[in-house]
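Below, each chain spelled out in residue letters.
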Amino acid sequence: MTSRQIIFVALGGAQAVGASCYFLKLGDNNLLLDCGYGSTRGIRFAPKFSALLATPYLQDFHQVSHVVISHAHLDHAAALPDFLELNERAAVYMTDLTREILFAQLEERFTRLEENISSVAFLQKIPLPRLKISFHQAGHIPGAMMTLINFRGKNILYTGDYSTFSTQLVGAALLPDVPIDILILCGLHARHPNYHRYGDSDAALKKILHKIYYALRHRKSVYCQVTQISKGVELITLINKFLPQAELFIDERVMGIVRRFENLHIPIMREQNHPLNVLPRAPCVILSTMPPPVHSGLEIINGDFSLHDDFAATVEFVRRINPKTCVVVHSPPDKFFHTGTTLEQVLINDPDSRTSFIFPETGEPFEL
Ligand SMILES: [Zn+2]
Ligand SMILES: [Zn+2]
């Protein structure tokens, strides 16, 4: 085996969302990109770490020296304690904000890991033997970063989840100013040609705001259930901005993250925002991660929305970077349409594109 070899194995989150964890071997360096949980029908699962030991590329988990956590969503970070049980020496990199948001979600399981974690800042460079690693703003959620690795003259960019649009809380992704040879793309909508965002904001977010507006106008209270607690913070900011008169009650789990943001001097709360510990009087908005109470008479709203680029933006992103190789992960097939059109099929017809695509399955090794 030569030490120039670049090997990629997805251990989870390959052609699916959940348990994102990607092994990257760069010569003698072994890294993990993300380490998250997945869940099917409420049952949680970790990445298939053991798949690595079935390859010729790793004999012992202690050979993995570094883990990079792109952002604080649980599908990218929540299995970190599981991996550190296999390798208590691994150094873990993440931004301060990612660490704060993660600690707010996984407090007890994370406090033991404190000593493994090094905070990194955007544009900070970390020199390792024969590797240079730097981090870049990814958009998506506060603290999210892209990871750029330079190995023997090749530039490898791992996007993590990213957005090329700005959200209520964070600016758009800022790409590093170097040519990229290998792009490891978290392409949530790379196989969803019918998924479009409209203008600068998600249609689902506009719908949520409209529903809240009309319910409050009819003097009804609204119960808005969010699927991820960081999305709760996004909604608070949005409601405060567009419906400033609304009385907003926030559940304890979302409040946990709000406090972490405020500790880092990112103000979220306003006068009309309250922790949800008393039963509020109508009309108001209740923001919660819990399922709504039955027969409550509340207007129930699904508070889910997307913080990802749509299909067209994903195509444009890869076209602009024009890598030699694009490894597409975090990329579930289209549930509703079976047109079969993918990012790859669009760019194959583009004479300026030089990209060849890999859609890896879990456990399948690729030499890049
Ligand atoms: Zn995410
Ligand atoms: Zn994700």
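Residues numbered from 1 in each chain as written. Chains lettered and ligands numbered in written order. Predicted model: local features only at pLDDT ≥ 70, side-chain atom pairs only at ≥ 80, totals over all residues.

Asks: Which residues make up the environment of Phe357, and what values go with them?
Replies: Relative to the elements of secondary structure, Phe357 occurs in strand E20 (residues 356-358). When the C-alpha positions of Phe357 and Arg152 are compared, they lie 22 Å apart, and in sequence the two are 205 residues distant. Apart from the residues within four sequence positions on either side, Phe357 is in contact with Cys326, Val328 and Glu344. (Helix = DSSP H or I, 4+ residues; strand = E, 2+ residues; numbered from the N terminus. Contact = placed C-beta atoms within 7 Å.)

Asks: Let's hear about the packing of helix H6 (residues 229-242) against helix H7 (residues 252-263): which residues, and what values?
Replies: Following both chains from N to C, one finds H6 and H7 inclined at 70 degrees, their axes separated by 9 Å at the closest point. In terms of axis orientation, H6 runs roughly perpendicular to H7. Across the interface between the two elements, Ile229, Ser230, Gly232, Val233 and Ile236 from H6 touch Arg253, Val254, Ile257, Val258 and Phe261 from H7. Taken together, the residues that form the contact of H6 with H7 break down as seven nonpolar, two polar and one charged. (Axes fitted to C-alpha atoms, helices over the stretch in contact; angles between N-to-C directions. Parallel < 35°, antiparallel > 145°, perpendicular 65-115°, else oblique. Nonpolar A, V, L, I, M, F, W, Y, C, P; charged D, E, K, R; others polar.)

Asks: Describe H6, with residues and values.
Replies: A rise of 1.5 Å per residue sets the reference length of H6, with its 14 residues, at 20 Å; its end C-alpha atoms lie 20 Å apart and thus fit the reference within 8%. Counting buried positions along H6 yields ten of 14 residues, so the element is predominantly enclosed. All of the buried residues in H6 are Ile229, Ser230, Lys231, Gly232, Val233, Glu234, Leu235, Ile236, Leu238 and Ile239. (Expected span 1.5 Å × (residues − 1). Buried ≥ 20, exposed ≤ 12 C-beta atoms within 10 Å, placed from the backbone.)

Asks: Give me the nonpolar core: which residues, what numbers.
Replies: Of all hydrophobic cores here, the largest spans 108 residues; its most connected members are Tyr22, Ile184, Cys224 and Leu287. The leading source of residues in this core is H6, at six residues. A domain-level breakdown of this core finds at least three residues from each of domain 1 (6-195 + 307-367) and domain 2 (203-302). For Ile184, the contacting residues outside a window of four places in its chain are Tyr22, Leu33, Ile156, Leu157, Tyr158, Thr159, Val327 and Val329. (Core = buried A, V, L, I, M, F, W, Y, C linked by C-beta atoms within 7 Å. Domains from an automatic or database assignment.)

Asks: Which residues make up the sheet that holds strand E13 (residues 182-186), and what values do they have?
Replies: In spatial order, the strands read E9-E10-E11-E12-E13-E19-E20; together these seven strands make up an open sheet with mixed pairing. The sheet is open, and its two edges are formed by strand E9 (125-128) and E20, each paired on a single side. Averaged over all pairs of adjacent strands, the angle between strand axes in this sheet comes to 20 degrees, irrespective of strand direction. (Pairing = 2+ DSSP bridges.)

Asks: Outline helix H8 (residues 311-321), supporting the account with residue identities and numerical values.
Replies: When H8 is considered as a whole, its buried residues turn out to be Phe311, Thr314, Val315, Phe317 and Val318. Within H8, the buried residues cover an arc of 160 degrees as seen down the axis, which keeps them to one side. Among the structural elements, E13, strand E19 (325-329) and helix H9 (343-348) are those in contact with the buried residues of H8. Immediately downstream of H8, the backbone of Asn322 shows phi near 50 degrees, a positive value. (Arc of directions from axis to C-beta.)

Asks: If you had to explain the sheet that holds strand E14 (residues 222-225) to someone new, which residues and values would you point to?
Replies: As summarised here, the arrangement of the five strands in space is E16-E15-E17-E14-E18, forming an open sheet in which the pairing is parallel. Strands at the two margins of the open sheet, each flanked by one partner only, are strand E16 (273-275) and strand E18 (299-302). Here the average twist between neighbouring strands, direction ignored, is 25 degrees. Relative to E18, E14 runs parallel, the two being bridged by four bridges. Residue pairing in the sheet places Gln225 in a bridge with Asn302 of E18. Sheet contacts for H6: E14, strand E15 (248-250), E16 and strand E17 (285-288); angle to E17, the most-contacted strand, approximately 160 degrees. Set on the sheet, H7 makes contact with E15, E16 and E17; between it and E15 the angle comes to about 95 degrees.

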